[in-house]
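# Summary of structural features
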Amino acid sequence: WPGGFQQRRGFKKASRTPEPKQPEPKQPEGPVLQNQAPAPPRAPAPPRAFGRLVRPFLFTVGFSGSSFGVAAIWQYESLKSRVQSYFEELQADWLEKLRPQKRGDVRKEINQWWNSLTEGQKTVAGIIVANVLVFCAWPLVPLPIMLRYFTSNPASCESVLWCVPMLLSTFSHMSPFHLAANMYVLWSFSSSAVSMLGREQFLAVYLSAAVTSSFSSYLWKTATGRYGPSVGASGAIMAVLSLVCTKMPEAKLAIIFLPMFTFTAANALKAIVAMDTAGLLLGWRFFDHAAHLGGALFGIWYILFGHELIWKNREPFVKLWHDLRTRSGGGGGAAI
């Protein structure tokens, strides 16, 4: 019976043996809310694992160097076969004039449209097609495969060999507007960029900027602990835009929806870099501002220093390739 129970109406009160006094539990310091459950122990914050950036860094350096090496060989082979292709084109034009013309020939119309494009537009046409194909693959390919190979985050290099998502994610887009906006900017600046760099060097710069922007995103996510997947070609396109604006700062630009307002390329580049810097410092998460800044800085660095440092020093490598081809008897081989 409880100790507080008492007998009444003439009955003798039963004797009660004293119970040992239990120690009172210690009250937690600070204010305690009523009916509050004890808080579970907090998990320790994940460490800033900068060691996981070693593989992405090596992939970025190795892939960029390989891109410029392949571009130098490609240009060498193109120049070597240009004389032969020139005579073949003359012969083809002569036969085309003798051949009777057909009306409504779709193939001829496509060839005429293709020949009307600039060298830069022809160069980026393949990039645009690749981006469209990857976008169409999202609803067709199993989602785990697309998430593993076509999205970029610092954990990608731990689960995928050779860190290929750093490159493949730059051909991936999640919305039609994102894809259309990026491809429109790439198409608009392609002619100027290819005329400055040439087709081979442009592709090397574009692919190198793609993996460099992915590494910039990895670095910022690891430093802040905000991990999450990223997709899009914006980082590589920012490199193309920034090198054109740096080389031609007085060029006039306009927004497609507001063609009446024009501004210089230098002011446009400053505004874009300032916006991405603000987004990085203020923690905006709608865009991957670290990838944007990484691509923009790579484009500025390359047009100011990288072209002299890398492309103009390719002659020893090209000479080595020429010697290897001569020794192997491949001097008359086809172009790469």
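Residues numbered from 1 in each chain as written. Predicted model: local features only at pLDDT ≥ 70, side-chain atom pairs only at ≥ 80, totals over all residues. Heavy atoms only, no water.

- Going by what an unreviewed UniProt entry lists, the protein is known as rhomboid protease and is assigned to Xiphophorus couchianus.
- Here is the UniProt Subcellular location (unreviewed entry) comment for the protein, exactly as written: "Mitochondrion inner membrane".
- Turning to the protein, the UniProt record has this under Catalytic activity (unreviewed entry): "Cleaves type-1 transmembrane domains using a catalytic dyad composed of serine and histidine that are contributed by different transmembrane domains." (UniProt positions renumbered as here; feature names shortened; annotations may be inferred.)

### Considerations on the overall build of the protein
- Per the secondary structure count, the protein includes 13 helices and two strands.
- Scored against the burial criterion, the 336 residues of the protein give a buried share of 34%.
- Here the analysis covers contacts within the protein between residues at least 6 apart in sequence; of these, 74% occur between residues at least 24 apart.
- Of the accessible surface of the protein, which amounts to about 22,600 Å², a share of 65% is contributed by carbon and sulfur atoms. (Helix = DSSP H or I, 4+ residues; strand = E, 2+ residues; numbered from the N terminus. Buried < 20%, exposed > 50% of the residue type's maximum accessible area, 1.4 Å probe, protein only. Contact = heavy atoms within 4.5 Å. Areas by Shrake-Rupley, 256 points an atom, 1.4 Å probe, with all protein chains shown as cover.)

### Points about the environment of Ser191
- Within the secondary structure, Ser191 is located in helix α8 (residues 176-197).
- In this structure, the C-alpha to C-alpha distance between Ser191 and Gln121, residues 70 residues apart in sequence, is 6.1 Å.
- Discounting chain neighbours no more than four positions away, the residues touching Ser191 are Thr118, Gly120 and Gln121.

### Notes on the nonpolar core
- Among the nonpolar cores identified, the biggest contains 51 residues, and Leu186, Phe202 and Tyr206 are the most heavily contacted of them.
- Mapped by element, the contributors of at least two residues to this core are α1 (54-80), α4 (119-137), α7 (165-168), α8, α9 (199-224), α10 (234-247), α11 (265-282) and α12 (289-309).
- Of all the elements, α9 adds the most residues to this core, at nine residues.
- If we ignore the near neighbours within four places in the chain, the residues touching Phe202 are Thr123, Val124, Ile127, Leu186, Ala193, Val194, Leu197 and Val240. (Core = buried A, V, L, I, M, F, W, Y, C linked by side-chain atoms within 4.5 Å.)

### Structural notes on the UniProt feature "transmembrane region" (unreviewed entry) in the protein
- As annotated in UniProt, the feature "transmembrane region" (unreviewed entry) corresponds to residues 57-76, 124-147, 159-181, 226-246, 253-274 and 286-305 in the numbering used here.
- Secondary structure across residues 124-147 divides into 79% helix and 0% strand, with the first and last C-alpha atoms of the span separated by 25 Å.
- The distance separating the terminal C-alpha atoms of residues 226-246 is 32 Å; by composition the span is 62% helix and 0% strand.

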